[in-house]
Amino acid sequence: AIEAVGAREILDSRGNPTVEVEVLLEDGTVSRAAVPSGASTGAFEAYELRDGDKGRYFGKGVRKAVDAVLDEIGPAVEGLDATDQRVVDATLIALDGTENKGRLGANALLGVSLATARAAADSADLPLFRYIGGPNAHILPVPLLNVINGGAHADTGVDIQEFFLVPHGAETFSEGLRWGVETYHTLKSLLKSKGLATGLGDEGGFAPELASNREALDLLLEAIEKAGFTPGTDIALGLDVASTEFFSDGVYNFEGVGRTSAEMNSYFADLVANFPLVTIEDPLAEDDWEGYAALTAELGDKVQIVGDDLFVTNPTRLQRGIDEDIANSILVKVNQIGTLTETLDAVSLAQRSGYTAILSHRSGETEDVTIAHLAVATDCGQIKTGAPARSERVAKYNELLRIEEELDTAAVYAGRSAFPRYTA
Ligand code: PGA
Ligand code: ZN
């Protein structure tokens with residue numbers, strides 16, 4: 001049973017405060033979890049509680065969330081069995097009592113939820129992926145390596161937030177990762193040779209000033225070939241457009257032109273026809289359900305269309321998407337919803353409904369590697385955790401290498417099967 005719960009304020013990868021929680025069990029096990037934080041957050045995400053005290057960290061301190069853990073949340077779960085994750089999480093949700101976890105803060109609640117799971121796994125002497133996923137957890141995810149950062153994650157003129165290398169043609173996770181890493185280094189040389197900047201954005205990708213979004217895709221194709229791989233079959237491409245960020249008053253302000261969602265959709269159809277794209281995330285704004293319906297009807301059988309700000313890991317919003325044929329995939333971020341149970345519910349709802357699911361980091365991360373375990377635990381087949389640079393990103397890839405080794409001959413790389421809609 002849970003004997004005590006501790007919490008502290010630590011820093012994330014952008015140097016902003018975040019919550020870390022420690023759970024102590026009666027058997028002496030002590031385990032911790034740290035909470036990530038987004039920059040291009042969706043309006044429908046669970047609430048991240050910050051102090052608002054301008055005298056500390058420009059208002060971004062999380063002492064209130066830490067106090068919520070120490071004073072209220074911890075005492076409410078003490079005595080509960082840590083292996084009863086659903087009971088623990090239901091207790092957290094009821095204690096908060098709001099729709100968006102706005103009273104105690106999703107950052108406070110998530111820290112306790114994840115640290116409880118970690119403690120239960122440690123106490124059982126099981127790796128987290130096996131504790132959560134059981135003996136069926138054996139699929140290593142295809143990494144979506146975000147190697148060019150734009151949008152809210154970089155200060156360049158590139159509107160699309162993330163450009164992915166997707167090494168789906170490899171035989172194993174470690175091989176796919178190596179292909180991605182070699183292409184990443186080749187891309188760096190290529191940028192240098194063209195006189196473009198090689199400084200890194202928040203997720204470890206390069207952040208060059210480019211004339212257009214297509215130029216970024218052309219650079220990736222060139223880097224893949226230079227690195228000795230075949231674009232499309234070995235390494236495919238993907239995008240997180242993060243459209244909500246440049247949508248205002250019903251207009252998409254994209255590449256210097258105000259566009260309708262129909263115009264955005266024809267831009268995407270053109271990209272899909274000309275580039276080996278396997279996945280497009282948040283192509284439209286978080287409330288443009290109509291535009292999404294049209295896009296899904298047009299491209300949904302050719303490419304993975306992922307809802308991030310659209311679904312916010314929320315089973316209720318995902319259910320609406322399923323009912324209305326909106327998108328065909330969900331991005332899964334633990335802090336968008338605030339408990340492990342609801343996260344796993346979102347993944348299984350997706351999987352039961354013919355939607356794919358992608359376990360994802362946030363742009364503000366820590367050394368916590370929980371999402372690597374969740375990707376394998378759910379057999380979801382895809383993970384988005386940045387470029388192979390910056391230790392908060394690499395930590396997740398390194399953990400997946402360890403998990404692959406631990407699974408040994410049972411490990412299966414999701415590979416091309418992760419993208420059933422891609423046929424090119
Ligand atoms: P965020 O970005 O963590 O800043 O929200 C990641 C994403 O949009 O997928
Ligand atoms: Zn996104």
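Located above this text is the structure these notes cover.
Residues numbered from 1 in each chain as written. Chains lettered and ligands numbered in written order. Predicted model: local features only at pLDDT ≥ 70, side-chain atom pairs only at ≥ 80, totals over all residues. Heavy atoms only, no water.

According to the stated counting rule, one finds 28 salt bridges in the structure shown. For the salt bridge of Arg86 with Asp345, the shortest nitrogen-to-oxygen distance reads 2.6 Å. Linking Arg86 in helix H2 (residues 85–96) with Asp345 in helix H11 (residues 340–352), this pair joins segments that are 259 residues apart in sequence. Overall, the relative accessible area of 26% leaves Asp345 in the partly exposed class. For the salt bridge of Glu162 with Lys384, the shortest nitrogen-to-oxygen distance reads 2.8 Å. Here Glu162 is found in strand E6 (residues 162–166), whereas its partner Lys384 is found in strand E15 (residues 382–384), with 222 residues between them in sequence. Through salt bridges that share partners, Arg8, Glu20, Glu22 and Arg32 make up one connected network. (Salt bridge = Lys/Arg side-chain N within 4 Å of Asp/Glu carboxyl O. Helix = DSSP H or I, 4+ residues; strand = E, 2+ residues; numbered from the N terminus. Buried < 20%, exposed > 50% of the residue type's maximum accessible area, 1.4 Å probe, protein only.)

Another point: the site of ligand 1. Surveying the vicinity of ligand 1 reveals 15 residues, the closest of which are Ala39, Gln161, Arg362, Ser363 and Lys384. Between Asp308 and ligand 1, the recorded distance is 3.0 Å, taken from a side-chain N or O atom to an oxygen atom. For ligand 1, an oxygen atom lies 2.7 Å from a polar atom in the side chain of Arg362. Here ligand 1, which alone exposes 280 Å², has 100% of that area covered by the protein. (Near = heavy atom within 4 Å. Polar contact = N/O pair within 3.5 Å; in protein donor to acceptor, adjacent residues only side chain to side chain. Areas by Shrake-Rupley, 256 points an atom, 1.4 Å probe, with all protein chains shown as cover.)

This brings us to helix H3 (residues 106–123). The first and last C-alpha atoms of H3 sit 25 Å apart over 18 residues, in line with the 26 Å expected at 1.5 Å per residue. Most of H3 sits inside the fold, with 16 of its 18 residues counted as buried. Phi turns positive one or two residues past the end of H3, at Asp125, with a value near 60°. (Expected span 1.5 Å × (residues − 1).)

This is a description of form; function is not addressed.
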